[in-house]
Amino acid sequence: QERLVESGGGLVQAGGSLRLSCAASGRIFSSYCMGWFRQTPGNEREFVAAITWSGTITRYADYVKGRFTISRDNAKNTVLLQMNSLKPEDAAVYYCAAATTSTLDLSLGRADYWGQGTQVTVSS
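Residues numbered from 1 in each chain as written. Predicted model: local features only at pLDDT ≥ 70, side-chain atom pairs only at ≥ 80, totals over all residues. Heavy atoms only, no water.

Chemist: Describe the sheet that holds strand 3 (residues 18-25), with residues and values.
Modeler: Taken in spatial order, the four strands make up an open sheet running 1-3-8-7, and their pairing is antiparallel. At either margin of the open sheet sits one strand with a lone partner, and together these are strand 1 (3-7) and strand 7 (68-73). Across the sheet, the mean angle from the axis of one strand to that of its neighbour is 15 degrees, orientation sign disregarded. Pairing between strand 1 and strand 3: five bridges, direction antiparallel. Its bridge partner being in strand 3, R3 is matched across the sheet by S25. (Pairing = 2+ DSSP bridges. Helix = DSSP H or I, 4+ residues; strand = E, 2+ residues; numbered from the N terminus. Axes fitted to C-alpha atoms, helices over the stretch in contact; angles between N-to-C directions.)

So this is what it looks like as structure tokens:
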């Protein structure tokens, strides 16, 4: 059964760093684009970052460019999101997603699979 399981969320002070991890199981991963989204209460889920199956192309939302880095380890079926210089407005539930199409489609929320989410809290 295909699953995405996020980990690494927690509480961090503004300016600090966190690294999120998403482990994929089943047939997800090697040929899938992977990405991260986030959502705060009462708001739509928003795109954060995506990466192609090869890892050669990445896509970022403007509000995280230069601070967040997405990467993947295909041998471990894992995608990472390194988050630096965190701001209070980065606080959200972060979701991992997988898509067979493209990072562009993924950035538009067209995912085939979603994880359950991990909470990130940033204190000011």
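That covers the picture; the talk isn't over yet.
Chemist: I'd like a description of the nonpolar core, backed by residues and values.
Modeler: Counting residues in hydrophobic clusters, the biggest one holds 36 residues, and the most contacted among them are M34, W36, V79, L81, M83 and Y94. Those elements that place two or more of their residues in this core are strand 3, strand 4 (33-39), strand 5 (46-51), strand 7, strand 8 (78-83), strand 9 (92-99) and strand 11 (118-123). L81 has contacts with L18, R19, L20, W36, V48, A49, F68, T69, I70 and Y94, leaving out every residue within four places of it along the chain. (Core = buried A, V, L, I, M, F, W, Y, C linked by side-chain atoms within 4.5 Å. Buried < 20%, exposed > 50% of the residue type's maximum accessible area, 1.4 Å probe, protein only. Contact = heavy atoms within 4.5 Å.)

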